[in-house]
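What the coordinates show
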Amino acid sequence: MTEAERAVRRFIRGDEEAFAAVAAHWEGRIYNLAWRHLGNREDAQDVVQETLLLVYRHIRTLRNPASFTSWLYRIALNQCRARLRSSPPEVPLDDGETGRSGTTSLERDPLPAADMARDPVEVRDLLRKALAGLSEEQRSAVILKEYLGLSLEELARVMDCPLSTAKSRLYHGLRAMQRRLARAGVRT
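All of these numbers come straight from a predicted model, not from anything done at the bench.

Regarding the pattern of salt bridges
- The full count for this structure, using the stated rule, is 9 salt bridges.
- When the shortest N-O distance is used, the salt bridge between Glu3 and Arg6 registers 3.3 Å. Highlighted residues: Glu3 and Arg6, both in helix 1 (residues 3–12), separated by 3 residues, approximately one helical turn.
- We classify Glu3 as partly exposed; its relative accessible area is 45%.
- Here Arg6 falls in the partly exposed class, since its relative accessible area comes to 36%.
- A salt bridge links Glu136 to Arg81, with the shortest nitrogen-to-oxygen separation between them at 2.6 Å. Taken together, the residues Glu136 in helix 7 (residues 136–147) and Arg81 in helix 4 (residues 68–86) connect sequence positions 55 residues apart.

Here we look at the confidence of the model for the protein
- Considering every residue of the protein, the mean pLDDT works out to 82; 82% of them sit at 70 or more.
- Within the protein, helix 5 (residues 105–108) has the poorest average pLDDT of any element, 39, and helix 3 (residues 41–58) the best, 95.
- Taken as a whole, residues 91–116 scores under 50 in pLDDT and shows 57 contacts with residues more than four places along the chain or in a different chain.

With respect to helix 9 (residues 163–183)
- The end-to-end C-alpha distance of helix 9, which contains 21 residues, comes to 30 Å, matching closely the 30 Å that a straight helix rising 1.5 Å per residue would cover.
- The set of residues buried in helix 9 consists of Ala166, Leu170, Gly173, Ala176, Met177 and Leu181. Projected down its long axis, helix 9 carries its buried residues within an arc of 135°, all on one side. In helix 9, the exposed positions that point more than 90 degrees away from the buried face belong to Ser164 and Arg183.
- Check the buried side of helix 9 and you find it contacts helix 6 (120–132), helix 7 and helix 8 (152–159).
- One or two steps after helix 9, the chain reaches Gly185, where phi turns positive at roughly 90°.

Thoughts on a positive patch on the surface
- Together, Arg175, Arg179, Arg180 and Arg183 give the surface a local cluster of positive charge.
- The residue Arg183 is located in helix 9 in this model.

Concerning helix 8
- Of all the residues in helix 8, the buried ones are Glu154, Leu155, Ala156, Val158 and Met159.
- Residues of helix 8 that are buried in the fold lie against helix 4, helix 7 and helix 9.

Points about the nonpolar core
- Counting residues in each nonpolar core, the largest one holds 55 residues, and the members touching the most others are Ile30, Leu33, Val55, Ile59, Phe68, Tyr73 and Leu144.
- For this core, the secondary-structure elements that each account for two or more residues are helix 1, helix 2 (18–38), helix 3, helix 4, helix 6, helix 7, helix 8 and helix 9.
- In terms of residue count, helix 2 provides more of this core than any other element does, 11 residues in total.
- Discounting residues that sit within four places of it in the chain, Val55 has contacts with Phe11, Phe19, Phe68, Trp71, Leu72 and Ile75.

Digging into the packing of helix 7 against helix 9
- Interhelical geometry of helix 7 versus helix 9 gives an angle of 95° and a closest axis separation of 8 Å. As summarised for this structure, helix 7 and helix 9 are arranged roughly perpendicular, according to the angle between their axes. Listed contacts from helix 9 to Glu137, Gln138, Ala141, Val142, Lys145 and Glu146 of helix 7 are Arg169, Leu170, His172, Gly173, Leu174 and Met177.
- Counted by class, the contact of helix 7 with helix 9 contains 5 nonpolar, 3 polar and 4 charged residues.

About the cut-offs
- Sequence order as written defines the numbering, with residues in each chain counted from 1.
- Two thresholds apply to this predicted model, a pLDDT of at least 70 for residue-level local features and 80 or more for giving and counting side-chain atom pairs, whereas whole-chain, interface and lining totals are computed over all residues.
- With hydrogens and water stripped out, all remaining heavy atoms of the structure feed into the side-chain values.
- Think of a salt bridge as a Lys or Arg side-chain nitrogen and an Asp or Glu carboxyl oxygen that are within 4 Å of each other.
- Counting from the N terminus, the helices are DSSP H or I runs at least four residues long and the strands are E runs at least two residues long.
- Exposure categories follow from relative accessible area, calculated using a 1.4 Å probe and restricted to protein chains: below 20% of the type maximum is buried, above 50% is exposed, and the middle band is partly exposed.
- Per-residue confidence from the predictor is reported as pLDDT, a score between 0 and 100.
- Pairs of residues are marked as contacts when any of their non-hydrogen atoms sit within 4.5 Å.
- Helix span is expected to be 1.5 Å times the residue number reduced by one.
- Here the arc refers to the set of directions running from the helix axis out to each C-beta atom.
- Each patch groups residues whose relative accessible area exceeds 30% and which form no salt bridge, using 9 Å between like charges and 5 Å between nonpolar side chains of Val, Leu, Ile, Met, Phe, Trp and Tyr.
- Using a 1.4 Å probe, accessible areas were evaluated by the Shrake-Rupley method; residue-level cover was limited to the displayed protein chains.
- When charges are counted, Lys and Arg contribute as positive and Asp and Glu as negative, whereas His and the chain ends are disregarded.
- Charged side chains are reduced to one point each, which is NZ for Lys, CZ for Arg, CG for Asp and CD for Glu.
- As used here, the term nonpolar core means buried Ala, Val, Leu, Ile, Met, Phe, Trp, Tyr and Cys residues forming a set that is joined through side-chain atoms within 4.5 Å.
- Here, axes are lines fitted to C-alpha atoms. For helices the fit covers the stretch in contact, and angles between N-to-C directions go from 0 to 180 degrees.
- Should an angle fall under 35 degrees it is called roughly parallel, over 145 degrees roughly antiparallel, and 65 to 115 degrees roughly perpendicular, with every other angle called oblique.
- When residues are sorted by character, Ala, Val, Leu, Ile, Met, Phe, Trp, Tyr, Cys and Pro go into the nonpolar class, Asp, Glu, Lys and Arg into the charged class, and all the rest, Gly among them, into the polar class.

Laid out in structure tokens, this is it:
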């Protein structure tokens, strides 16, 4: 069990001081999710604060500490969706944060070597625009899987849908991104 998992269990049992460790561990991941969804730093920071506040208020309703990650990301996604209803996403202009491992799968090997000769800023901009052009469900699936490194099972739990639906959203989102990039002259 990791230190973050121990902090979650202590906080669920009523150790209010453990919340600082929980927040410190998860705020960057929540920010990454929100920033990639919303494309706006201020909105992403607001989503982090709102999500952590909801976690603080409702942690004792969580029955299974092992489902904390899915529960947390679902809260964050709901906060993003609420913001998206009031304004469309922007295309992020810089790199934002990375997921669990420090690098995303798209950053580790974003494009074939032939396309790496292109301006890296241009390529990242094209990737962001392709992501921003997806439906909300597809964008969520791609962000959770490719940028945050969730498994397909975790993806389905966070999105509160069957595994087959999560796989479909991810597949169609990645295919749509691939088509958009191809139209821009980027081979994937």
